[in-house]
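Tertiary structure, described
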Amino acid sequence: MGRGRAKAKQVKVARQLKYNSGGTDLDRLRDELGVGDSNSNDDADDLNDELADRYADYADDYGAEDDDDNRRPGRR
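I will try to describe carefully the structure that is included in this document. The structure displayed is predicted, hence computed values, not measured ones.

Some details on helix α2 (residues 26-33)
Of all eight residues making up α2, only zero are buried, and the element is barely covered by its neighbours. Just past α2, the residue G34 takes up positive phi, approximately 75°.

A word on the pattern of salt bridges
In total, this model carries three salt bridges according to the counting rule given. Across the pair R28 and E32 runs a salt bridge whose closest N-O atoms are separated by 3.2 Å. Here R28 pairs with E32, and both are found in helix α2, just four residues apart, close to one helical turn. Assessed through its relative accessible area of 53%, R28 is described here as exposed. Taking the shortest distance from any N to any O, the salt bridge between R54 and E50 comes out at 3.1 Å. With R54 and E50 both in helix α3 (residues 42-68), this residue pair falls four residues apart, about one helical turn.

Criteria and cut-off values
- Residues numbered from 1 in each chain as written.
- Predicted model: local features only at pLDDT ≥ 70, side-chain atom pairs only at ≥ 80, totals over all residues.
- Heavy atoms only, no water.
- Buried < 20%, exposed > 50% of the residue type's maximum accessible area, 1.4 Å probe, protein only.
- Helix = DSSP H or I, 4+ residues; strand = E, 2+ residues; numbered from the N terminus.
- Salt bridge = Lys/Arg side-chain N within 4 Å of Asp/Glu carboxyl O.

What follows is the structure, encoded as structure tokens:
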């Protein structure tokens with residue numbers, strides 16, 4: 001018989017979490033998780049630039065062949 005009261009409380013808590021999920025302090029959460037500032041993505045930008053430079057040569061080489069095949073773009 002005591003299970004009904006416990007289940008009702010669980011349902012109430014679940015509804016509060018589902019419908020009242022606003023008010024999250026993202027800066028505080030970032031500090032707690034130890035994540036750096038989101039504006040300092042210099043390492044990620046450098047990696048993206050390096051990858052773009054590395055594969056740009058391939059795009060030049062293989063892009064010319066696709067144009068010579070007289071196929072519609074996006075189909076292989």
